[in-house]
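In case you want the letters, here they are:
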Amino acid sequence: MRATTGARHVRHADPAADGAACAAIYAPSVQDGVASFEAVPPGPEEMAERIASAAAQHAFLVCEDAGGRVAGFASAVPHRQRAAYRWSVDVAIYVGAGDRREGTGRALYEALFGLLRRQGLRWACAGITLPNEASVGLHEALGFQPVGIYREIGFKHGAWRDVGWWQLELTPAGDGPPAEVRGPQTL
C-alpha cells in the first residue's frame, strides 16, 4: 500500500528491493557526517536485514519520487528493551542529499506516525547529533519537543559530539493501564 503526497509516494520498504537504495542514502551519514554514530556503513544485505527487523515490530518506510526512485526512508524501532518501555519507539529518518527540502521527510514521518498511532504507541523519540538545524527544524515543525542533551556522548570525526533528544506524543495517556501494543500496521 502507498500514501501519496504530490509526486512522492510513501510505502512499506521491501528488504530485497530497497536494501541497496537505503544503504546508499544512509552511507554518507556514516562516512562523511555525524548524524549516525556508526563507523562503517551497512551494505545492502545488512540494510535489508534492518528493514525486515524494524518492519516485524513497528515500521520501515521508503519514499519514492515520481520515477519510482527511493528518495528517503524512515524507521521505528523499540526505544529500550525493558517491558515498561514497550509503548515508546525510537524513530529515524534519512533523506538523500538531492531530495532534502522537497517534502520527503515530512511525508515519511507523517505516514510513520499514523502507523505508530494505530499500533497504540505513546511516544516517538528522536536522537539528533548536534548541531543539526535542518533535523531539529523538521522534528519541531512536526511537534517534537526537546527533552534533553547527552553531552559529548560520542566521538566521531575527531571530536566529541552531543546528542539532543526530542519526543513526540503519539497518543495521550488514558486513565488506567494502557492497552497492549498492536502489531505492525499497513498504510
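For the structure, see preceding data.
Residues numbered from 1 in each chain as written. Predicted model: local features only at pLDDT ≥ 70, side-chain atom pairs only at ≥ 80, totals over all residues. Heavy atoms only, no water.

(A) View of the packing of aromatic side chains. The final tally for this structure, using the stated rule, is 9 aromatic pairs. Arranged with centres 5.2 Å apart and planes meeting at 15 degrees, the rings of Phe60 and Phe73 form a pair that is stacked. Linking Phe60 in strand 3 (residues 59–64) with Phe73 in strand 4 (residues 70–78), this pair joins segments that are 13 residues apart in sequence. Taken as a pair, Phe60 and Phe73 share a single burial class, namely buried. Taken together, Tyr26, Phe60, Phe73 and Tyr94 form an aromatic cluster joined through their ring pairs. (Phe/Tyr/Trp six-rings, centres within 6.5 Å; stacked < 30°, edge-to-face > 60°. Helix = DSSP H or I, 4+ residues; strand = E, 2+ residues; numbered from the N terminus. Buried < 20%, exposed > 50% of the residue type's maximum accessible area, 1.4 Å probe, protein only.)

(B) Structural detail: the environment of Val62. Relative to the elements of secondary structure, Val62 occurs in strand 3. Val62 sits in the buried class, given a relative accessible area of 0%. Measuring from C-alpha to C-alpha, the distance between Val62 and Ala21 comes to 9.6 Å, with 41 residues separating the pair along the chain. Those residues in contact with Val62 that sit more than four places away from it in its chain are His9, Val10, Arg11, Ala13, Asp18, Cys22, Val70, Gly72, Phe73 and Leu108. (Contact = heavy atoms within 4.5 Å.)

(C) View of the nonpolar core. Within the largest apolar cluster, 29 residues are counted, with the highest numbers of intra-cluster contacts made by Val91, Leu112, Phe113 and Leu116. Those elements giving two or more residues to this core turn out to be strand 3, strand 4, strand 5 (88–95), helix 3 (104–119), strand 6 (123–130) and strand 8 (159–169). Looking at this core, the element that brings in the most residues is helix 3, giving 8 residues. Ala13, Ile25, Tyr26 and Val30 belong to the second-largest nonpolar core, a separate cluster that totals 14 residues. (Core = buried A, V, L, I, M, F, W, Y, C linked by side-chain atoms within 4.5 Å.)

(D) The arrangement of the environment of Trp165 in detail. Mapped onto the secondary structure, Trp165 falls in strand 8. Note on Trp165: relative accessible area 17%, which makes it buried. With 40 residues separating them along the chain, Trp165 and Cys125 place their C-alpha atoms 6.9 Å apart. Aside from chain neighbours lying at most four places away, what touches Trp165 is Asp90, Cys125, Ala126, Gly127, Gln145, Pro146, Val147, Gly148 and Tyr150.

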